[in-house]
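Here are the chains, one letter per residue:
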Amino acid sequence: MRYKLGILGTGTMGQAILSRIVAENKLKPEQIALYDINKDKLMTFTDGYRLCSDPQEIADECEFVLFSVKPQHYRSITDAVKFSQKNTILSIMAGVKIATLRGSLNSPCPIVRIMPNTPCKFGKGVCGIHCSNLCNDAENTVLDWLSACGGVVRIEEKYFDAVTSVSGSGPAYVYMFIEGMIRGGMEGGLTFEQSKKLTLETLIGSVEMVKHSEEPLPELIEKVCSKGGTTIEAVNLYRQNNLEETIIAGINACRKRSEELSRGE
């Protein structure tokens, strides 16, 4: 194969993964071929990438092929393109099972299913991954590329809907909490920038505490709370309003929708 990696679809996540692989010197632009149905978007890549006018060129010339098109659009590619066993398929398409994708490819290609999230753009994301029929060398290559995006967690494919509901969609939940904290600080008289900095640094520090402390989360919560103090007032209000149960309910709703998409509903 002339190129190591071919990417079908240069949208937000495709660009995020691509930029990290190149930024971390996993591959050079000259080793990568790109295709997008939007020719204007494709022409913005001017740093040595091979720009393809037909997706068949990606299949013919690339060892690894990343499907980063919208799930509802991938069949227009698989119906028109002939893939071979020389291609290793990488898919970040939500709700598209490996068996479904393999059936539409009409080829026994090795397939890797990946669920990334948007912080991958800055190397701070996490990818759930499941490999099917990969040799060790190919699997190690994919893991090395994805390490440029952040953490990598191996997951059985049957749990991918849960992965979607926690990490794939999770940044939106965190952004909502951040927005609430910032607005709460502003109601107390802080400027937007002051409240934003205090909020973000608090979240970053709290994550580090959870990562490095051996204490369970309930104990970490209680250590910040003092009887008759300030923190307990907020925590009690959150408990009265079932904050944790609301978060769990949202994750469950997200997972159920992912399951529906997996069934083609």
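Just above, that's the structure.
The structure presented is a predicted model; accordingly, all values stated were derived computationally and were not measured.

> Which parts of the structure should I look at to understand the overall build of the chain?
Each helix and strand in the chain was counted, giving twelve helices and eight strands. Dimensions of the chain, computed from the C-alpha atoms along their principal axes, are close to 70 × 40 × 35 Å. Sorting the 265 residues of the chain into buried and exposed places 40% on the buried side. Pairs at least 24 residues apart make up 56% of the contacts formed inside the chain by residues separated by at least 6 positions.

> Is there a simple way to think about the nonpolar core in this case?
Generally speaking, nonpolar side chains in soluble globular proteins are found buried as a group. Ranked by internal contacts, the top residues of the largest apolar core, which has 30 residues, are Leu-5, Leu-18, Ile-32, Leu-34, Leu-90, Ile-114 and Val-142. For this core, the elements supplying multiple residues, two or more each, are strand 1 (3–8), helix 1 (12–23), strand 2 (32–35), strand 4 (62–67), strand 6 (111–115), strand 7 (125–132) and helix 6 (136–147). Element by element, the count of residues in this core is highest for helix 1, at six residues. Apart from the residues within four sequence positions on either side, Leu-5 is in contact with Ile-21, Leu-27, Gln-31, Ile-32, Ala-33, Cys-62, Phe-64, Leu-66, Leu-90 and Trp-145.

> Help me understand the layout of surface pockets in this model?
Any empty space left between the atoms is revealed when a probe the size of a water molecule rolls over them. Of the pockets and cavities examined, the largest pocket occupies roughly 2900 Å³. Those elements giving two or more residues to the lining of the largest pocket turn out to be strand 7, helix 7 (160–168), helix 8 (170–187), helix 9 (192–212), helix 10 (217–224), helix 11 (231–240) and helix 12 (243–262). With ten residues, the single largest contributor to the lining of the largest pocket is helix 9. When the residues that make up the lining of the largest pocket are grouped by side-chain class, the tally is 29 nonpolar, eleven polar and seven charged. The volume enclosed by the second largest pocket comes to roughly 720 Å³. Contributing to the lining of the second largest pocket are 29 residues, with Gly-11, Ser-68, Val-69, Lys-70 and Pro-71 lying nearest its centre. Elements supplying a minimum of two residues to the lining of the second largest pocket: helix 1, helix 4 (74–78) and helix 7. A breakdown of the residues in the lining of the second largest pocket according to their chemical character gives 14 nonpolar, twelve polar and three charged.

> Honestly, the packing of helix 8 against helix 9 in this entry has me stumped. Any pointers?
Each pair of packed helices gets described by two things: the angle between the helix axes and the distance between those axes. Running from N to C, helix 8 and helix 9 cross one another at 135°; their axes reach a closest spacing of 8 Å. The pairing of helix 8 with helix 9 is recorded here as oblique in orientation. Where helix 8 crosses over helix 9, the handedness of that crossing is right-handed. Counted together, Phe-177, Ile-178, Met-181, Ile-182, Gly-185 and Met-186 of helix 8 and Phe-192, Ser-195, Lys-196, Thr-199, Leu-200 and Leu-203 of helix 9 form the full contact between these two elements. Taken together, the residues of the contact of helix 8 with helix 9 sort by class into eight nonpolar, three polar and one charged.

> I would appreciate a short explanation of the side chain of Asp-36 in the present structure.
Along the polypeptide, Asp-36 turns up in the loop between strand 2 and helix 2 (39–42). Within the buried core, Asp-36 has no salt-bridge partner, and the shortest N-O distance to an opposite charge, that of Lys-41, equals 4.1 Å. A polar contact of 2.8 Å, which involves the side chain of Asp-36, links it to the backbone nitrogen of Thr-10. A polar side-chain atom of Asp-36 sits 2.8 Å from the main-chain amide nitrogen of Asn-38. Contact partners of Asp-36, with chain neighbours within four places excluded, come to Gly-9, Thr-10, Gly-11, Lys-41 and Leu-42.

What counts as what
Residues numbered from 1 in each chain as written. Predicted model: local features only at pLDDT ≥ 70, side-chain atom pairs only at ≥ 80, totals over all residues. Heavy atoms only, no water. Helix = DSSP H or I, 4+ residues; strand = E, 2+ residues; numbered from the N terminus. Buried < 20%, exposed > 50% of the residue type's maximum accessible area, 1.4 Å probe, protein only. Contact = heavy atoms within 4.5 Å. Core = buried A, V, L, I, M, F, W, Y, C linked by side-chain atoms within 4.5 Å. 1 Å grid on protein atoms, 1.4 Å probe; cavity = no way out; pocket = protein on both sides within 12 Å on 5 of 7 lines; lining within 4 Å. Points joined across faces, edges and corners; volume = space filled by probe spheres on them. Nonpolar A, V, L, I, M, F, W, Y, C, P; charged D, E, K, R; others polar. Axes fitted to C-alpha atoms, helices over the stretch in contact; angles between N-to-C directions. Parallel < 35°, antiparallel > 145°, perpendicular 65-115°, else oblique. Left-handed = near helix turned anticlockwise from the far one by under 90°. Lys, Arg positive; Asp, Glu negative; His and termini not counted. Salt bridge = Lys/Arg side-chain N within 4 Å of Asp/Glu carboxyl O. Polar contact = N/O pair within 3.5 Å; in protein donor to acceptor, adjacent residues only side chain to side chain.

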